[in-house]
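Chain residues, written in single-letter form:
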Amino acid sequence: MPRSLNVFDSFDRFSVGKKVREDTWDYVTIPKNALAMKEKYDISFGPEVIPEDDDLSDRLFKAGLEMLAISGFYNPNLGKALSVTEDEILAGVENAPRKVKLGRGRERVSCKPRRGNSRRKPIIQGGPTGAPVSEGIFPQMMESYAQERVVDTLVSGVLNTVSGRPSTTNTPWEIQATLAEIKYVREACDRAGRRGMGI
Amino acid sequence: MDNSGMSMIAGWYLARDVIMMEQMPIFGGYCGGVEETAICDVATMLASFALFDCDIHLDGPIHIRWGITTTRETLQIAAHAAAAIDLNSDLLLANQYYTLAGPCTEMCLLEVSAQSMTDTASGRELVSGSASSKGVVKDMTTGMEARVMGEVAEATAGMEVSEVNKILDKVLGLYKGQYSKPPMGKRFQDCYDLKSNTPTYEHMKVYDKAMETLRECGLNI
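A. Region of the structure containing the overall build of chain B. Along the backbone of chain B there are 8 helices and 8 strands. For a compact globule of 221 residues, the expected C-alpha radius of gyration is about 17 Å, and chain B comes in at 18 Å, within 12% of that figure. When the backbone C-alpha atoms are referred to their principal axes, chain B occupies close to 50 × 40 × 30 Å. Buried residues in chain B amount to 62% of all 221 residues. Contacts spanning at least 24 positions in sequence make up 75% of the contacts within chain B whose residues lie at least 6 apart.

B. Structural view of the interface of chain A and chain B. In this complex, chain A contributes 82 residues to the contact, which on the side of chain B involves 86 residues. For the side of chain A that touches chain B, the element with the highest residue contribution is helix 3 (residues 54-71) of chain A, accounting for 10 residues. When grouped by side-chain class, the residues that make up the side of chain A that touches chain B number 45 nonpolar, 22 polar and 15 charged. Pairing analysis gives 4 bridges linking strand 6 (residues 123-126) of chain A to strand 6 (residues 126-131) of chain B, with the strands arranged parallel. Along strand 6 of chain B, the bridge assignment pairs Ile124(A) with Val127(B).

C. Quick peek at the packing of helix 3 of chain A against helix 3 (residues 72-88) of chain B. Where helix 3 of chain A meets helix 3 of chain B, the axes come as close as 8 Å, and the angle between the chain directions of the two elements is 90°. Compared by their axis directions, helix 3 of chain A and helix 3 of chain B come out roughly perpendicular. Across from Asp54(A), Ser57(A), Asp58(A), Leu60(A), Phe61(A) and Gly64(A) in helix 3 of chain A, the residues of helix 3 of chain B making contact are His80(B), Ala83(B), Ala84(B), Ile85(B), Leu87(B) and Asn88(B). Its residues assigned to classes, the contact of helix 3 of chain A with helix 3 of chain B comprises 6 nonpolar, 4 polar and 2 charged.

D. Main features of the sheet that holds strand 1 (residues 18-19) of chain A. Residues and elements named next belong to chain A. The antiparallel open sheet is built from 3 strands, whose spatial order is 1-3-2. A single partner strand is all that each edge strand has here, and the edge strands are strand 1 and strand 2 (73-75). Alignment of strand 1 against strand 3 (residues 80-82), held across 2 bridges, turns out to be antiparallel. Each bridged residue has a counterpart across the sheet, and for lysine 18 the counterpart in strand 3 is alanine 81.

E. Structural context of the environment of Glu111(B). Tracing the chain through its elements places Glu111(B) in helix 4 (residues 106-121). On the basis of neighbour counts, which here come to 32 C-beta atoms within 10 Å, the residue Glu111(B) falls in the buried class.

F. The nonpolar core, seen in detail. The biggest cluster of nonpolar side chains holds 126 residues, and the ones touching the most others in it are Ile39(B), Val42(B) and Leu46(B). Sort the elements by how many residues they give to this core and helix 2 (residues 34-51) of chain B lands first, with 12 residues. Leaving out residues up to four positions away in the same chain, Val42(B) has contacts with Leu60(A), Phe61(A), Gly64(A), Ala81(B), Ala84(B) and Ile85(B).

G. Examining the domain arrangement of chain A more closely. Taken domain by domain, chain A comprises domain 1 (7-95) and domain 2 (112-191). The C-alpha-based centres of domain 1 of chain A and domain 2 of chain A are spaced at 32 Å.

H. Representation of the sheet that holds strand 3 (residues 56-59) of chain B. Strand order in the open sheet made by the 6 strands is 8(A)-6(A)-6(B)-5(B)-3(B)-1(B), with parallel pairing throughout. In this open sheet, the two strands that pair with only one neighbour each are strand 8 (153-154) of chain A together with strand 1 (20-22) of chain B. Sheet topology places strand 1 of chain B next to strand 3 of chain B; 3 bridges connect them, and they run parallel. Counterpart to Met20(B) in the pairing with strand 3 of chain B is Ile56(B). Here helix 2 of chain B sits on the sheet in contact with strand 1 and strand 3 of chain B, set at roughly 150° to strand 3 of chain B.

I. View of unusual backbone geometry. Residue and element names in this part refer to chain B. Of note, the bond from glycine 129 into serine 130 is cis; its omega dihedral lies within 30 degrees of zero at 15°. Relative to the elements of secondary structure, serine 130 occurs in strand 6. Even without glycine at this site, arginine 16 takes up a positive phi of about 60°. With respect to the element layout, arginine 16 can be found in the loop between helix 1 (3-14) and strand 1. Unlike most non-glycine residues, lysine 134 shows phi in positive territory, near 65°. If you trace the backbone, lysine 134 turns up in the loop between strand 6 and helix 5 (143-156).

Conventions we followed
- Residues numbered from 1 in each chain as written.
- Chains lettered and ligands numbered in written order.
- Predicted model: local features only at pLDDT ≥ 70, side-chain atom pairs only at ≥ 80, totals over all residues.
- Helix = DSSP H or I, 4+ residues; strand = E, 2+ residues; numbered from the N terminus.
- Rg over C-alpha atoms; globule rule 2.2 N^0.38 Å.
- Buried ≥ 20, exposed ≤ 12 C-beta atoms within 10 Å, placed from the backbone.
- Contact = placed C-beta atoms within 7 Å.
- Nonpolar A, V, L, I, M, F, W, Y, C, P; charged D, E, K, R; others polar.
- Pairing = 2+ DSSP bridges.
- Axes fitted to C-alpha atoms, helices over the stretch in contact; angles between N-to-C directions.
- Parallel < 35°, antiparallel > 145°, perpendicular 65-115°, else oblique.
- Core = buried A, V, L, I, M, F, W, Y, C linked by C-beta atoms within 7 Å.
- Domains from an automatic or database assignment.

This is how it looks when you write it as structure tokens:
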């Protein structure tokens, strides 16, 4: 099996990739290849929300794998698509971490494969998930997540302002707001008695 | 993937940080229908690990019309893609929550519950939420949605998938008729007591009602 790629290998692949117009990628390459894979692997969902047919799941995996191999991946800055083989994709899957530790101390949790609907619940990550939050209530809102028994790790919201100034993208205030968010989230963990929660 | 994204990943990769990579396929967009979107979802999840040094993948199939992750179609895409990867690898998969209704409404908590059941029973390792009110309205998120997400995940873990599907049909049927006029709900500061930082009495009544509804639908919670 070939070695797996890292982000530097992928950037180099983009650099020597095939030139593709972005609208061609969006309107032709993706829909055409997705439909071809659907037909080749006979992918048709039934009425169930969650699949109960392992054969369908296997065919969907193969369809997704071949979709990536025949399409590659697009970089809009370079206007190029990289190429990757199925063996290289599978090498990357094989080398991906099977366990990740999130958080520190007694708040550390382990994220590891569940295998179907295991009796072990998933990690519960609570937070506004990037939704906008007023500066005046930000720490209290984050504490409302940290104090919940079932919550294992936190995901931050977006500070709407910092020191009363809009945290607009691509301005110095965006950086100030990001650092303030981290500070407030850590304070929220402390106030909930859960210092060390994964953020 | 643009150059800014590649540069950020390079920094995290060299610092040996844990990298959670987010991608939200749009149902009804370039990909097409539910099956084609699920195929693209699987392909992009695989790319995250194989090309971009991802440790945990954060999914979020989203509906082009409603801008949420909790519709039947987007849950079906998420579940099928997760199950396909789960059956064929040990990759770590997460999903994120965008509801149509706002906090302090039963619809919001039922939307969160439907997705939590779906993610748990399809084998995902982490659930992340919730961006209520589509994640676009200021202060319209609270810890209560995360409580429900977690408690429903605990109740669902270990159940037969066919049983979960039956309950999901009932829960989805309770809120799909409200898509065009979802309840706005309340801001955090209007449904939490800011002195004690706990949900208000009214908010707890909404929580109790949602739990009762889930029990009536068959969930042992």
